[in-house]
Structure formats: structure tokens, C-alpha cells
Amino acid sequence: MGVFAGRHSTLALPYAGILVITTFTPLVWGSTYAVTTEFLPPDRPLFTALMRALPAGLMLLAITRTPPRGVWILRAAVLGVLNIGAFFPMLFLAAYRLPGGVAAVLGAVGPLFALGFAAALLAERATARKLLAGFAGVFGVGLVVLRADARLDTVGVLAGLAGAALMSAGTVLTKRWGRPEGVSALTLTGWQLTAGGLLLAPVALLIEGPPPALTGENLLGYAYLGIVGTAVAYWLWFRGLSRLPATSIAFLTLISPLSAAVIGWAALGQTLTPLQLLGMTIALGGTLLGQTQAKPAAVVVGDGGDPVRGVDRAERPPSPVPDPARRLLTDESCRTR
């Protein structure tokens, strides 16, 4: 059936539908480079990270009006550090110290990190298929973005690898912890962005000094990154993560550098060679290969927090009261297995 009975009907989407919606996030993240170079002040990576995270987080908190409570105060802080507060500085440090191609390839290692974290924390086995997909993704992204004159910088390489590991750990931990009862993905996104932004604020002020004077063009760029590239994108990311396997989500990050290359070609006049197109094909193949084989039949679009059956807690139909004789028979059957 297309809907589940409950307090209000909710449209059920197939696994592929949720996957396609979640793909919006890495597609938008691919636009970050073009927006940064064309609209934002130069040499202010920490301030840019702060402007992406904190205003968006406070906006979502104002909309949802649900602060974290109990153990989720600490969990939201940990996830905010991994996914936002520590990840953004590593991302920008790698971008400033390395050619964009090298930084993108290091980021493409993320799915391989995710396989390791998922095996340790979620008992998701790292199959040969997914390992092959991970290496294919790194190779494909390398063909798209690497140049013969690419130089390496030790600090930049370590920052790039650390950024990939941080985001992978944050993705897997977000999947492991889920969400509190009745808390939406939008609320969880606001918690993490606010926590990460609060961490970034003193660091940006200490290292880069007071904020620069901003033009209307700068404000437009920050508004796009904060609302579309961060608030909406991370909301869809965490929403998809509650319904899909963590490793499947992680492989979607391979699309981000491909999106950046296409945007550079379409909007900035950059070229795409046949070798780059081949790399895109390989990376996309790795993304598809990295999707789980055991796909649920349908996933319900809603705001609950129970990803076990792909159905939100708020939308799950009430379980019928079992007949005593049937329950006894079921118990006896279980004992004989």
C-alpha cells in the first residue's frame, strides 16, 4: 500500500526515492567551491565555516524550539564537533594548503573510513563489493580532479584525511544513536549546527581576528551557503541517514567533487576532458556499487526517529493485540529453532 494508517497519512517512498532525495546534499556541497571563490572574501576559512554553521543552527533552533535534553546534550555536542565544528576547519585547511584536486581525492577516502567505522559500531560488514566501490570512487575522483603538477603538503594531507575520518565517524555515530523519541531530523540538524558553530566562534576570532567588512555580494554568498548548502543540505543528509544504511549514505559524498567539476565547467568556463568524463563514470559507478544489496521495500517520509523498519515511530500503525493461543504457539516455535 502507498500509505500507512495512523494519525495522518504519509506517502511511502521506495529506497531509491530516499536515495535520490539525499543525493541533493552532495550535489549542493559541490557548489561550495564556486560560491566561495566568486562571492566570499578571500583567506577567511574559519569565518566562512562559522557563517555556514552558527546562523543556520540558530535559525533551525528558533523554528523547532526544541533544545537537547539529558544525554542528548552531550551527544549533540559530540556530533556537532565531528560533523561541523572540527570537520569544517580540516576541510578548509586542506583546501588552502593543497591543490583542489588533491583535497578532493583525500575527501573521497571518506567511504572507506565509513566502512571501518560501520563495521566497528554498527556491525555492518565491509563486503568485498563495498571495498571495491570505495577504491573505484577514489580512483574515479582522482581522474576528474588531479593534475600532473599537483603538489603535496604534509599538514594539508593530514588535514584532508582527518576531515574525511571526522565526517565518516560523525555519519556512523549519527546512525548509531538515531534520534530521541519525537525529535525530527530538522531538530537534530539544528542541534549539531549550533554546537559546531559555538565551537568555531572562539577559534575563528582567535586565529583570524574580527570579522571582515562584508559586501552585499558576500552576504548573498553566505546566505546561500548557510540556508541551502548547510541548513537544507544537512537536514536532508540526516533525514536520509535515519532511513538508509550509513555506508550507503557515505558513498554519496563521491558525488560532491563531480558536482564541483560540472559546475566549474558550466559556470566558470573550465574544461572537461575525456579522461575526466571517464573518471566521473567510474566514480558514479563506485557510488552505485556502494549501495546496500538488502534494500527495504519502502521507506516512509516523516519526522520520527526509528530507522529500523524504515517507518517512523509516529507513523507506525498500532500493533494488534496478539491472541493468547497464537502467542503461545509463537513462543513454542521460537524455542524449537
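Residues numbered from 1 in each chain as written. Predicted model: local features only at pLDDT ≥ 70, side-chain atom pairs only at ≥ 80, totals over all residues. Heavy atoms only, no water.

## Thoughts on the overall build of the chain
Right, on to step 1. Each helix and strand counted, the chain has 15 helices and 2 strands in total.
Right, on to step 2. In the chain, the proportion of contacts linking residues at least 24 apart, taken out of those at least 6 apart, comes to 87%.
Right, on to step 3. Carbon and sulfur atoms provide 69% of the accessible area of the chain, an area that totals close to 16300 Å². (Helix = DSSP H or I, 4+ residues; strand = E, 2+ residues; numbered from the N terminus. Contact = heavy atoms within 4.5 Å. Areas by Shrake-Rupley, 256 points an atom, 1.4 Å probe, with all protein chains shown as cover.)

## Brief notes about the packing of aromatic side chains
Right, on to step 1. What the rule picks out here adds up to 7 aromatic pairs.
Right, on to step 2. Their ring planes at 45 degrees and their centres at 6.0 Å tell us that Trp-72 and Trp-191 sit as a pair that is tilted. Residue Trp-72 is found in helix 4 (residues 71–85), and its partner Trp-191 is found in helix 10 (residues 185–208); the two are separated by 119 residues along the sequence.
Right, on to step 3. Sitting over the face of the ring of Trp-72, Arg-75 holds its NZ or CZ atom 5.4 Å from the ring centroid. (Phe/Tyr/Trp six-rings, centres within 6.5 Å; stacked < 30°, edge-to-face > 60°. Lys NZ or Arg CZ within 6 Å of the ring centre and 35° of its normal.)

## Description of the environment of Leu-288
Right, on to step 1. As for its placement among the helices and strands, Leu-288 is situated in helix 14 (residues 274–289).
Right, on to step 2. Separated by 151 residues in sequence, Leu-288 and Gly-137 place their C-alpha atoms 9.9 Å apart.

## Considerations on the packing of helix 3 (residues 45–64) against helix 11 (residues 216–241)
Right, on to step 1. Where helix 3 meets helix 11, the axes come as close as 9 Å, and the angle between the chain directions of the two elements is 60 degrees. What the angle tells us is that helix 3 and helix 11 run oblique. As for the relative orientation of helix 3 and helix 11, their crossing is right-handed in sense. Contacts between helix 3 and helix 11 involve Phe-47, Thr-48, Met-51, Arg-52, Ala-56, Met-59 and Leu-60 on the former and, on the latter, Tyr-222, Leu-225, Gly-226, Gly-229, Thr-230, Ala-231 and Tyr-234.
Right, on to step 2. Across the contact of helix 3 with helix 11, the residue classes break down as 9 nonpolar, 4 polar and 1 charged. (Axes fitted to C-alpha atoms, helices over the stretch in contact; angles between N-to-C directions. Parallel < 35°, antiparallel > 145°, perpendicular 65-115°, else oblique. Left-handed = near helix turned anticlockwise from the far one by under 90°. Nonpolar A, V, L, I, M, F, W, Y, C, P; charged D, E, K, R; others polar.)

## Observations concerning the nonpolar core
Right, on to step 1. The biggest cluster of nonpolar side chains holds 32 residues, and the ones touching the most others in it are Phe-88, Tyr-234 and Trp-237.
Right, on to step 2. The biggest single contributor to this core is helix 3, with 7 residues.
Right, on to step 3. Beyond its immediate chain neighbours, meaning those up to four positions away, Tyr-234 contacts Trp-29, Arg-52, Asn-83, Ile-84, Phe-87, Phe-88, Thr-189 and Leu-193. (Core = buried A, V, L, I, M, F, W, Y, C linked by side-chain atoms within 4.5 Å. Buried < 20%, exposed > 50% of the residue type's maximum accessible area, 1.4 Å probe, protein only.)

## A word on unusual backbone geometry
Right, on to step 1. A positive phi angle, close to 60 degrees, is found at Asp-43, a residue other than glycine.
Right, on to step 2. Its location among the elements puts Asp-43 in the loop between helix 2 (32–39) and helix 3.
Right, on to step 3. Despite not being glycine, Arg-65 has its phi angle at roughly 55 degrees, a positive value.
Right, on to step 4. Position of Arg-65 relative to the elements: it lies in the loop between helix 3 and helix 4.

## Let's talk about the confidence of the model for the chain
Right, on to step 1. Mean pLDDT over the chain: 83, with 81% of residues reaching 70 or higher.
Right, on to step 2. Looking over the chain, one finds the lowest element-wise mean pLDDT in strand 2 (residues 299–300), namely 42, and the highest in helix 4, namely 97.
Right, on to step 3. Below pLDDT 50 for its whole length, residues 1–11 participates in 23 contacts with residues either more than four positions away or in separate chains.
Right, on to step 4. A low-confidence stretch, residues 294–337 (pLDDT under 50), is modelled with 69 contacts involving residues beyond four sequence positions or located in other chains. (pLDDT = per-residue confidence, 0-100.)

## With respect to the environment of Lys-175
Right, on to step 1. Considering the arrangement of structural elements, one finds Lys-175 in helix 9 (residues 154–177).
Right, on to step 2. Spatially, the C-alpha atoms of Lys-175 and Pro-245 are 8.0 Å apart, while their sequence positions differ by 70 residues.

## Considering a nonpolar patch on the surface
Right, on to step 1. A surface patch of nonpolar side chains, about 260 Å² in accessible area, is lined by Met-59, Ile-63 and Ile-227.
Right, on to step 2. Examined against the element boundaries, Met-59 turns out to sit in helix 3.
Right, on to step 3. For Met-59, a relative accessible area of 32% gives the class partly exposed. (Patch = residues over 30% accessible without salt bridge, like charges linked within 9 Å, V, L, I, M, F, W, Y side chains within 5 Å. Salt bridge = Lys/Arg side-chain N within 4 Å of Asp/Glu carboxyl O.)

## Notes on helix 14
Right, on to step 1. Taking 1.5 Å per residue as the helical rise, helix 14 with its 16 residues ought to reach 22 Å, and the 22 Å between its terminal C-alpha atoms agrees with that figure.
Right, on to step 2. Lining the buried residues of helix 14 we find helix 8 (128–145), helix 12 (246–251) and helix 13 (255–267). (Expected span 1.5 Å × (residues − 1).)

## Describing the side chain of Thr-194
Right, on to step 1. Within the secondary structure layout, Thr-194 lies in helix 10.
Right, on to step 2. Among residues more than four places away in sequence, those in contact with Thr-194 are Leu-54, Gly-57, Leu-58 and Leu-61.

## With respect to the environment of Leu-198
Right, on to step 1. Tracing the backbone through its elements, the reader meets Leu-198 in helix 10.
Right, on to step 2. Along the chain, Leu-198 and Ala-77 lie 121 residues apart, while their C-alpha atoms are 9.7 Å from each other.

## Considering the packing of helix 10 against helix 11
Right, on to step 1. Where helix 10 meets helix 11, the closest approach of the two axes is 9 Å, and the angle between their N-to-C directions is 120 degrees. In terms of orientation, helix 10 and helix 11 fall into the oblique class. Seen along the crossing, helix 10 lies across helix 11 with a hand that is right-handed. Where helix 10 approaches helix 11, its residues Ala-185, Leu-186, Thr-189, Gln-192 and Leu-193 are matched on the opposing element by Thr-230, Ala-231, Tyr-234, Trp-235, Phe-238 and Arg-239.
Right, on to step 2. Tallied by class, residues from the contact of helix 10 with helix 11 come to 7 nonpolar, 3 polar and 1 charged.

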